Amino acid sequence: MSAPGQGVLSAAAADVPRRNWAGNVRYAARAFHRPTSIDELRRLVAGSPRIRAVGTGHSFNRFGDTTGDLVTLAGLPPAIDVDAERGRVTVTGALRYGDVAHRLHTQGYALANLASLPHISVAGAVATATHGSGQTHGNLATSVAALELVTADGDLLRVDRDTDGDTFAGMVVGLGALGLVTRVTLDLVPAFEVRQYVRLDLPREALDEALGSAYSVSVFADWRTPRLREVWRKQRVEQPPPPADWLGTTAADQPRHPVLGMPAENATPQLGVPGPWHERLPHFKLGFTPSSGDELQSEYHLPRAAAAEALAALDDVAHLIAPVLQVCELRTVAADELWLSPNHRRDSFVVHFTWIDDPASVLPVVAAVEERLAPFAPRPHWGKVFVTDPAELAARYPRYADFAALLTRLDPTGTFRTDQLDHHFPR
């Protein structure tokens, strides 16, 4: 008999995660599963009143936490199938971006963008509109050309950008609420090389120019001084290196980690050494612990033009932010048409907080941050810690009600619903 709260555990499900990546959410599932075929997964979904998929667990809230069945799709046969004629690749949704990227590079292909962590699963990252950085790059979900998912009745459904139009735009960023995504088709570009330069001590007034200066740019701050601690410029090899006096900064003379005190060997190569796109666009190497490991995260997407005003607004609560902060990252993401994307029809300036692992201390600061950012209609990252009122959040998404209707149509009995999903999309 299983211990209270442990659920039903089979040998095949022994490696299904019991907690999220950060450890702040212990999954409440009654049972844990690891199917090894699509047919097994379909039977499991059809026979379960409540079920959710868990990927790499890199979410910091309870959108994916269920009291029903929890299933990992990592046991499904892995596939990375390149369609050279259409410039696309179809992958098993449970695969990590780092594993997919390495295989693509060996065949001369690339993805246009990657997140800071190559450790995250494709399906999970897409479902929450996770992203990298760059003024001309959309989040990872914008590269999706098709999805295959198991719906609430156990059927296998395929939706395609070319044939399903508006409905497709509503399903890509689906929060895991429309079905269990088994395969994802992504757009490809030719493989390319990147150099990464780290520059130190950026003046605040130069932020806008810095963010648009390279293929992908991240700026790190600590909210202890007005200046910005580091700029990580990820530029294609054909772009000339930044001059010695670039924007009043100085060049880092040794590799850095975004979180002070963490080993630089965990981070991707810097100092302008050229390398493949997938070994430079993320901040962290696939084989090492990303970020600090012991942390919480929050992230807010704001109108791109509001960057300076938003930072000025946060200055008023800098004394609250700094004591519970590990690092703050500033970046940009291009607009898109996906219904629940934080970048829906809005070029975005993104403020990301990596907090200490102390919810009691962090949550009041999150509330203070959201209060200061409220005039800019911030859209929080779906997979991170936020306290935004559901009604306020709904007002910030033009297609919010359309998604709620789609959710009811595709899952009328609430098979994929969770308490947090009900909180934001009540029935």
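Residues numbered from 1 in each chain as written. Predicted model: local features only at pLDDT ≥ 70, side-chain atom pairs only at ≥ 80, totals over all residues. Heavy atoms only, no water.

What's the story with the overall build of the protein chain in this structure? I'm lost.
Per the secondary structure count, the protein chain includes 11 helices and 20 strands. Relative to a compact globule of 427 residues, whose C-alpha radius of gyration would be 22 Å, the protein chain shows 21 Å and is just as compact. Oriented by its inertia axes, the alpha-carbon framework of the protein chain measures out at about 65 × 50 × 45 Å. Out of the 427 residues in the protein chain, the part that is buried amounts to 58%. Sequence separation of at least 24 residues holds for 71% of the intrachain contacts in the protein chain that already meet a minimum separation of 6. Surface summary for the protein chain: the accessible area is close to 16,500 Å², and the carbon and sulfur share equals 54%. (Helix = DSSP H or I, 4+ residues; strand = E, 2+ residues; numbered from the N terminus. Rg over C-alpha atoms; globule rule 2.2 N^0.38 Å. Buried < 20%, exposed > 50% of the residue type's maximum accessible area, 1.4 Å probe, protein only. Contact = heavy atoms within 4.5 Å. Areas by Shrake-Rupley, 256 points an atom, 1.4 Å probe, with all protein chains shown as cover.)

Help me understand the layout of surface pockets, please; the structure alone is not making it clear to me.
Over the atoms, a rolled probe matching the size of one water molecule traces out where space is still vacant. A volume near 210 Å³ is recorded for the largest pocket. Around the largest pocket, the lining residues are Asn24, Val25, Phe60, Asn61, Arg62, Leu296, Pro359, Leu363, Val385, Phe386, Val387 and Gln420. Per-class residue counts for the lining of the largest pocket are eight nonpolar, three polar and one charged. (1 Å grid on protein atoms, 1.4 Å probe; cavity = no way out; pocket = protein on both sides within 12 Å on 5 of 7 lines; lining within 4 Å. Points joined across faces, edges and corners; volume = space filled by probe spheres on them. Nonpolar A, V, L, I, M, F, W, Y, C, P; charged D, E, K, R; others polar.)

Is there a simple way to explain the sheet that holds strand 10 (residues 180-187) in this structure?
As a general point, the strands of a sheet are linked pairwise by backbone hydrogen bonds and lie either parallel or antiparallel. Strand order in the open sheet formed by five strands is 5-6-10-8-9, and the pairing between neighbours is antiparallel. Only two strands of the sheet have a single partner each, and these edge strands are strand 5 (80-83) and strand 9 (156-160). Each adjacent strand pair in this sheet contributes to an overall mean axis angle of 15°, direction not counted. Its contacts with the sheet put helix 1 (residues 38-46) on strand 8 (144-150), strand 9 and strand 10, and the angle it makes with strand 10 is roughly 130°. (Pairing = 2+ DSSP bridges. Axes fitted to C-alpha atoms, helices over the stretch in contact; angles between N-to-C directions.)

So what exactly am I meant to see when it comes to the packing of aromatic side chains here?
In this description, a pair of aromatic rings is defined by centroid distance and the angle of the planes. One pass over the structure, following the stated rule, counts 12 aromatic pairs. Pairing Phe353 with Trp355 gives two aromatic rings, centres 4.7 Å apart and planes at 10°, and the pair type is stacked. When its relative accessible area of 0% is taken as the criterion, Phe353 is described as buried. Chaining the aromatic ring pairs together yields one cluster made of Phe63, Trp382, Phe386, Tyr397, Tyr400, Phe403 and Phe425. The cationic tip of Arg379 hangs over the ring face of Tyr397; the distance from NZ or CZ to the ring centre is 5.0 Å. (Phe/Tyr/Trp six-rings, centres within 6.5 Å; stacked < 30°, edge-to-face > 60°. Lys NZ or Arg CZ within 6 Å of the ring centre and 35° of its normal.)

I'm lost on the side chain of Asp69 in this one. Help?
Relative to the helices and strands, Asp69 is located in strand 4 (residues 69-71). For Asp69, a relative accessible area of 4% puts it in the buried group.

Can you help me understand the nonpolar core in this one?
A general feature of soluble globular proteins is that nonpolar side chains tend to end up buried together. Among the nonpolar cores identified, the biggest contains 102 residues, and Trp277, Phe353, Trp355 and Trp382 are the most heavily contacted of them. With residues up to four places along the chain from it excluded, the contact list for Phe353 reads Trp223, Leu296, Gln297, Ser298, Tyr300, Leu314, Ile321, Leu325, Val327, Cys328 and Val369. By size, the runner-up hydrophobic cluster in this structure holds 11 residues, among which are Val45, Ile51, Val150 and Leu180. (Core = buried A, V, L, I, M, F, W, Y, C linked by side-chain atoms within 4.5 Å.)

Please clarify how the confidence of the model for the protein chain should be interpreted in this entry.
A low pLDDT means the predicted coordinates there should not be read in detail. Summarising the model, the protein chain shows a mean pLDDT of 93, and 95% of its residues fall at 70 or more. Counting interchain partners and residues more than four positions distant, the pLDDT-below-50 stretch residues 1-11 has 13 contacts. (pLDDT = per-residue confidence, 0-100.)

I keep staring at the packing of helix 6 (residues 307-315) against helix 8 (residues 359-373) and nothing clicks. Help me out?
Helices that pack against each other are described as a pair by the angle of their axes relative to one another and the distance between those axes. It is at 9 Å that the axes of helix 6 and helix 8 come closest, and there the two elements cross at 135°. Classified by the angle their axes make, helix 6 and helix 8 are oblique. Of the two elements, helix 6 crosses helix 8, and the hand of that crossing is right-handed. Residues Ala310, Ala313 and Leu314 of helix 6 form the contact with helix 8, whose participating residues are Val369, Arg372 and Leu373. In the contact of helix 6 with helix 8, the residues fall into five nonpolar, no polar and one charged. (Parallel < 35°, antiparallel > 145°, perpendicular 65-115°, else oblique. Left-handed = near helix turned anticlockwise from the far one by under 90°.)

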